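# A closer look at the structure
Residues per chain are reported as follows:
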Amino acid sequence: TGTDPNNYIWYSGKLWRAVSINNEAKTTKLVTQWDIASISYGSNAKFSPSFEIYKFLNDATTVDGFLYNLRNYEDFIVTDAKWDASTDNNKLGSIPKPKGKTVVTAPVGLLNTYEFQESYRGTTSYNSYLNNGLSWWFLTPAETFKEYAITYVNNAEEYISVSKEDSSDEGYGVRPAINLKSDIKIASGSGTETDPYRLKGDDDADLNGVKLNTRYSGEYIRFGNGENNLYRIVSHETENLTKITSADPLKEKSKFKTIDFSSGYRFYSDGNTIGSFLNNDYLNPSKKYLTSEQVNMIEDNTTWYLGNMYGTSYIKAKYSDTNMSNLTTSITTAKVGLLRYGELMSGQFDRYENNTEFWTLTADNNSAGGHVFSIDNIGAVTYTGWKLFADLGVKPAMNLKENVVITGGDGTKNNPFTIDLEMGSSN
């Protein structure tokens, strides 16, 4: 509990906070420090396998799922964890401990409102370590609205509150929660943000020469130039390749670079503003975003999925059906693109004061002129049509080649991987 206790943990490429201990089972509940993605909750107030946020968190079979991308998750986390999703409509400060009226079994869940309330016990305000300055979904349904509650920071008043969102179609941040098994041991670290606890089995000592395509979603890479020299692994969506994105939207002279999407809502490498910038100026070493050596590490032709969607299903950004059985036929190829709506690492990774709204790749299908989804500075999804002409932030995404290897670092933010092309490689 408290404002900033030393309860930081680094596991599987992500920074977590320890929330509570189950005294009987000796397990430890963790939640990610930041919003891993921003998506809608689903079509109603049930945290169950049939709804979108549950699918995102517990998909262990496709590269798009959070669970699939956790390192050796069966060795580290409780796969039959119980998540108390009982309804509560009380205000912060008067939320009783849930009594297990509605319990969902799943490897990955979310925090409930009681857990958020308890995190600031002993402080003079609601400003606990769980307040990350962003909006994010709770597990707890609010009976009045038949929907789920979110917590957010009111930017104008620096005021933390719980809001009962009356439309679970709206998109907010997702902070996955897991329970570490009772036998997990600390390998190193002091629990601070800059020196988080490392877990035995996730604390690789010497990765020199190891291929980058064997590493995990969220790990940091030293890539790019100057103030734009930090990237993160997204996934291995294309076999043997490593998809990465900039850790923060691009900057120029300490200010976020902004650009309009253009009048068309489909992304192309040439033909709209943002696509042309990413596949021309951004790749030009003279513009100082990348070195010529780094440009050579990028796969020339990546497939970018341009699935249209509206409403609840992040899945439709890539697939033509919510069963994930068929990929969308709406695609383009380019060397550099953007992350999709609901893709891993498409959330905000700093407080609202320190970040900016940025474009995604995904358009909705409910407009004649086209709307493109963006993630605003508190981690909420927006998709108003006029923003095609707005200047928003840019987070480049790309695939690195199979023969990119690690030359140093451990993948944490303070010690990111350094990389190079494998010795003896010609491309």
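The preceding data block contains the structure.
Calculation notes
Along each chain, the written sequence defines residue order, and numbers are assigned to residues from 1. Only residues with pLDDT of at least 70 get local features here, since the model is predicted, and only at 80 or more are side-chain atom pairs given and counted; chain-wide, interface and lining totals rely on the full set of residues. For the side-chain quantities, the full set of heavy atoms in the structure was used; hydrogens and water were omitted. To qualify as a helix, a DSSP run of H or I must reach at least 4 residues; to qualify as a strand, a run of E must reach at least 2; elements of each kind are numbered from the N terminus. Burial here depends on accessible area, computed with a 1.4 Å probe over protein chains only, as a share of the maximum for the residue type. Under 20% is buried, over 50% is exposed, and the range in between is partly exposed. By definition, residues are in contact when any of their heavy atoms lie within 4.5 Å. The Shrake-Rupley method, run with a 1.4 Å probe sphere, supplies the accessible areas, and residue values consider only the shown protein chains as cover. Buried Ala, Val, Leu, Ile, Met, Phe, Trp, Tyr and Cys residues that are joined via side-chain atoms within 4.5 Å together make up what is termed a nonpolar core. N or O atoms within 3.5 Å of each other form a polar contact, as long as, within protein, one can give a hydrogen and the other can take it, and as long as residues adjacent in sequence are counted only when both atoms are side-chain atoms. Take a side-chain nitrogen of Lys or Arg and a carboxyl oxygen of Asp or Glu: if they are within 4 Å of each other, that pair is a salt bridge.

## Focus: the overall build of the protein chain
When helices and strands are tallied, the protein chain shows five helices and 28 strands. Counting over 427 residues, the protein chain shows a buried share of 58%. Excluding contacts between residues fewer than 6 apart, the proportion of contacts in the protein chain whose partners are at least 24 apart in sequence is 63%. Carbon and sulfur atoms form 44% of the exposed surface of the protein chain, whose accessible area is close to 17300 Å².

## Describing the nonpolar core
Ranked by internal contacts, the top residues of the largest apolar core, which has 110 residues, are Phe56, Phe223, Tyr282 and Leu400. Residues in contact with Tyr282, not counting those within four places in the same chain, are Tyr231, Leu250, Phe277, Tyr289, Leu290, Val336, Pro396 and Met398. Counting six residues, the second-largest nonpolar core is a separate cluster that includes Tyr8, Trp10, Tyr220 and Leu230.

## Considerations on the environment of Tyr11
For Tyr11, the position within the fold is in strand S1 (residues 8–11). Accessibility expressed as a relative area gives 0% for Tyr11, which makes it buried. Along the sequence, Tyr11 and Gly218 sit 207 residues apart, while their C-alpha atoms lie 9.7 Å from each other. Excluding its chain neighbours within four sequence positions, the residues that come into contact with Tyr11 are Trp16, Leu70, Arg71, Asn72, Tyr73, Phe76, Ile77, Ile178, Leu199 and Asp202. There is a polar contact of 2.6 Å between the side chain of Tyr11 and the backbone oxygen of Arg71.

## Looking at the pattern of salt bridges
If you walk through the whole model with that rule in mind, you get 19 salt bridges. For Asp4, the salt bridge is made with Arg17, and the minimal N-O distance between the two is 3.1 Å. Taken as a pair, Asp4 in the segment before S1 and Arg17 in strand S2 (residues 14–22) lie far apart in primary sequence, 13 residues in all. Where Asp204 meets Arg215, a salt bridge forms, and the shortest distance between an N and an O atom there is 3.1 Å. Highlighted residues: Asp204 in the loop between strand S13 (197–199) and strand S14 (220–222) and Arg215 in the loop between S13 and S14, separated in sequence by 11 residues.

So, to be careful, I would describe these as geometric facts and stop short of saying anything about function.
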